[in-house]
Amino acid sequence: IEKLLTPQDLAGLDVLVTAGPTREPLDPVRYLSNRSSGKMGYALARVAALRGARVTLVTGPTSLIPPPGVEAIRVETAREMYDAVLQHFEQADLVIKAAAVADYRPQDVSSQKIKKQGQDMQLQLTRNPDVLAELGRRKKDHQLLVGFAAETNDLEQNALAKLTRKNLDLLVANDVTIPGAGFDYDTNVVRIFGRDGEVESLPLMDKNRVAQKILDRVAKLLTTRRG
Ligand code: CTP
Ligand code: CA
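The residue numbering used here restarts from 1 in each chain and proceeds along that chain's sequence as written. By the order in which they are written, chains take letters starting at A while ligands take numbers starting at 1. Totals for whole chains, interfaces and linings use all residues, but because this is a predicted model, local features are given only for residues with pLDDT of at least 70 and pairs of side-chain atoms are given and counted only at 80 or more. The side-chain values count all of the structure's non-hydrogen atoms but skip hydrogen atoms and water molecules.

- Looking up the protein in an unreviewed UniProt entry gives the name Coenzyme A biosynthesis bifunctional protein CoaBC, with the organism given as Desulforamulus putei DSM 12395.

Here we look at unusual backbone geometry
- Even without glycine at this site, Asp 154 takes up a positive phi of about 45°.
- Only runs of H or I of at least four residues qualify as helices and only runs of E of at least two qualify as strands under DSSP, and these elements are numbered from the N terminus. With respect to the element layout, Asp 154 can be found in the loop between β9 (144–151) and α4 (155–165).
- Even without being a glycine, Asp 184 presents a positive backbone phi close to 70°.
- Within the fold, Asp 184 resides in the loop between β10 (170–175) and β11 (187–188).

Quick notes on the site of ligand 1
- Looking at ligand 1, there are 14 residues lining it, with Lys 97, Ala 99, Phe 148, Lys 162 and Lys 166 nearest.
- Side-chain atoms alone can form a polar contact between residues adjacent in sequence; in general such a contact is a pair of N or O atoms within 3.5 Å, and within protein one must be able to donate a hydrogen while the other accepts it. Note that a nitrogen atom of ligand 1 is positioned 3.0 Å from one of the backbone N or O atoms of Val 131.
- Between ligand 1 and the protein, one listed contact pairs an oxygen atom with a backbone N or O atom of Leu 132 at 2.8 Å.
- When isolated, ligand 1 has an accessible area of 570 Å², and the protein chains bury 78% of it.
- Of all elements in the fold, only α3 (131–138) and β9 reach the threshold of two or more residues within the shell around ligand 1.
- The element best represented in the shell around ligand 1 is β9, accounting for four residues.
- Residues are grouped as follows: Ala, Val, Leu, Ile, Met, Phe, Trp, Tyr, Cys and Pro are nonpolar; Asp, Glu, Lys and Arg are charged; all remaining types, including Gly, are polar. Looking at the shell around ligand 1 residue by residue, the class counts come to eight nonpolar, one polar and five charged. One heavy atom suffices: a residue is near a molecule or strand as soon as one of its heavy atoms comes within 4 Å of it. The method behind every accessible area is Shrake-Rupley, applied with a 1.4 Å probe, and residues are considered shielded solely by the protein chains displayed.

Some details on the sheet that holds strand β6 (residues 94–97)
- Pairing between strands is defined by DSSP: at least two bridges between the two strands are required. Ordered in space as β5-β4-β1-β6-β9-β10-β12-β13, the eight strands form an open sheet in which the pairing is mixed. What marks the edges here is a single partner per strand, and that holds for β5 (71–74) and β13 (199–201). When strand polarity is set aside, the average angle formed by the axes of neighbouring strands in this sheet is 15°.
- The sheet contact formed by β10 and strand β12 (residues 190–194) spans five bridges and is antiparallel. Within the sheet, the bridge partner assigned to Ala 173 lies in β12 and is Arg 191.
- Should any heavy atoms of two residues lie within 4.5 Å, those residues are counted as being in contact. Lines fitted to C-alpha atoms define the axes, with helix axes restricted to the stretch in contact, and inter-axis angles between N-to-C directions lie between 0 and 180 degrees. In this fold helix α1 (residues 39–50) packs onto β1 (14–19), β4 (54–59), β6 and β9, with an angle of close to 165° to the strand it touches most, β4.
- Sheet strands touched by helix α5 (residues 207–226): β6, β9, β10, β12 and β13. Its angle to β9, the strand with the most contacts, is close to 145°.

Focus on the coordination of the calcium ion (ligand 2)
- Excluding water, the donors of a metal are its N, O and S neighbours within 2.8 Å, or within 3.2 Å for Na, K and Ca, and that exclusion means sites may look incomplete. The calcium ion (ligand 2) binds to the protein through Asp 103 (OD) and Asp 103 (OD); the donor distances cover 2.4 to 2.6 Å.
- Looking at where Asp 103 falls in the secondary structure, it is placed in the loop between β6 and β7 (104–106).

Digging into the UniProt feature "binding site: CTP" (unreviewed entry) in the protein
- UniProt positions are given in the numbering used here, feature names are shortened, and annotations may be inferred rather than shown by experiment. Cross-referencing UniProt, the feature "binding site: CTP" (unreviewed entry) maps to Asp 103, Lys 113, Pro 129, Asp 130, Val 131, Leu 132, Phe 148, Lys 162 and Lys 166 in the present numbering. A maximum C-alpha distance of 37.8 Å is found for the annotated residues, which run over 64 residues; spatially they are spread out rather than grouped. The subset of these annotated residues that lines the largest pocket comprises Asp 103, Pro 129, Asp 130, Val 131, Leu 132, Phe 148, Lys 162 and Lys 166.
- Residue placement: Lys 113 occurs in the loop between β7 and β8 (125–127).
- You can call Lys 113 partly exposed: its relative accessible area is 45%.
- Apart from residues lying up to four places away in sequence, Lys 113 is in contact with Asp 27, Pro 28, Val 29 and Arg 30.
- Within the element layout of this structure, Phe 148 appears in strand β9. Cavities and pockets are defined on a 1 Å grid built over the protein atoms alone: a cavity is a set of grid points where a 1.4 Å probe fits but cannot escape, while a pocket is an open set with protein on both sides within 12 Å along at least five of seven lines, and lining residues are those with an atom within 4 Å of any such point. Burial here depends on accessible area, computed with a 1.4 Å probe over protein chains only, as a share of the maximum for the residue type. Under 20% is buried, over 50% is exposed, and the range in between is partly exposed.

Here it is in structure tokens:
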């Protein structure tokens, strides 16, 4: 019913969304991760499907249920997310990378539980591949790329740097220090930066409404492109 009442302005569009945190194992019982709940990415997948898109959701571990009509692919580590996303990238018209991908993983994964030893412990970490940056390199003219940035300081400067560096069309930046916004909340406060220079600052709103706003910007880009 909800879909019947929603304008199908994304009909025919193939959309790939990533959501949630990644988990980087240290041993069979431990991992490194982050505070992402997956809510923003799941809201984007849900709203895109309601608006008529064909949606694939590559998701890290979350407590959420994939929205109806969305193909969900479950992954755990950044490298698994990288493989799943690249496998689906070519057929996608739009990719939205809402996932909070771990920048580093433990260099060695112990096959047995690590036993405590001594007073201090050092962990050696190594860089994960940057999924979004790789998509930026492979992007074709017809494809749109939307990235996220979680910042605690110098939001505009950091956001604009990521937009250019990763060859994005839109970047959604959120200041994670604002109470009630970002990680683990149902609400978010974001600024949407376009490569065309257009900036939109949104007030505190429900993540479903933020998703609508982001997809409005995408729809606008699609119509200007089609001319
Ligand atoms: N991202 C990614 N792969 C990574 C790290 C980040 O695809 N290994 C994506 C995220 O999904 C997000 C965007 O890059 O859409 C920005 O993530 P963020 O952590 O804010 O930026 P980084 O480029 O990792 O920079 P830093 O953490 O140093 O601020
Ligand atoms: Ca990062």
